[in-house]
Amino acid sequence: MQRILVVLRGPIDIGAVRRRCALDVTGPYEMAVCHVLPAGHDGIRDGLHAQKEITAALRVVLGGRAENVAVLVASERQGEGVDECAKEWGATLVYP
């Protein structure tokens with residue numbers, strides 16, 4: 001099974017989530033979303049707020065399937081980026 005990490009950058013909105021999560025994948029897969037927090041807005045509260053916003057958007061876009069999507073946050077700080085999230089989650093494919 002493929003483990004696909006979808007990367008989101010910029011403002012969080014339903015349209016962006018819909019576009020990025022419209023995967024054309026053959027076969028079974030599991031998906032996670034990783035939002036890259038902007039510099040200066042990459043604290044714990046910022047991360048929690050982003051996770052809540054993305055989860056709400058996923059519920060609109062995916063309905064009940066949203067509950068099976070992990071939502072991660074990354075920053076530009078060393079050791080806290082997309083690569084680290086992908087490795088920790090076990091992604092086999094990253095959609096940058």
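Structure first, text after, so check above.
Numbering of residues starts from 1 in every chain and runs along the sequence as written. Reporting in this predicted model follows two pLDDT cut-offs: at least 70 for local features of residues, and 80 or more for side-chain atom pairs to be given and counted; totals over whole chains, interfaces and linings ignore these cut-offs and use all residues. Heavy atoms from the whole structure form the basis of all side-chain values; hydrogens and water molecules are not counted.

(A) Local environment of the overall build of the chain. Each helix and strand in the chain was counted, giving 3 helices and 4 strands. Listing each helix as α and each strand as β along the chain from the N terminus yields β-α-β-α-β-α-β. Relative to a compact globule of 96 residues, whose C-alpha radius of gyration would be 12 Å, the chain shows 13 Å and is just as compact. For the C-alpha atoms alone, the extent of the chain along its principal axes is close to 40 × 25 × 20 Å. The rule is simple: take the accessible area with a 1.4 Å probe, protein chains only, and divide by the maximum for that residue type; under 20% is buried, over 50% is exposed, in between is partly exposed. Per-residue burial over the chain gives 35% buried out of 96 residues. Note on contacts: a residue pair qualifies if any of its non-hydrogen atoms lie within 4.5 Å across the two residues. Within the chain, contacts between residues separated by at least 24 positions form 70% of all contacts whose residues are at least 6 apart in sequence. The averaged location of the 12 negative side-chain charges in the chain is 5 Å from the averaged location of its 11 positive side-chain charges. In DSSP terms, a helix is any run of H or I states spanning at least four residues, a strand is any run of E spanning at least two, and both are numbered starting from the N terminus. Atoms considered for the radius of gyration are the C-alpha atoms alone. The globule rule reads 2.2 Å times the number of residues to the power 0.38. For this count, His and the chain ends are skipped, Lys and Arg are scored as positive, and Asp and Glu as negative. Charge positions are represented by NZ for Lys, CZ for Arg, CG for Asp and CD for Glu.

(B) Summary view of the pairing of strand β2 (residues 29–36). Burial of β2 is extensive: 6 of the 8 residues sit out of reach of the surface. For two strands to count as paired, DSSP must find a minimum of two bridges between them. Strand direction decides the pairing type here: strand β1 (residues 2–9) and β2, joined by 8 bridges, are parallel. The residue bridging V7 from the neighbouring strand is C34, located in β2. Read from β1 through helix α1 (residues 14–21) to β2, the crossover connection turns out right-handed. Orient the strands so they point away from the viewer; a crossover is then right-handed if the path from the first strand over the helix to the second runs clockwise.

(C) Layout of the pairing of β1. Note: β1 against strand β4 (residues 93–95), 3 bridges, orientation parallel. Bridging across to β4, V6 finds its partner in Y95.

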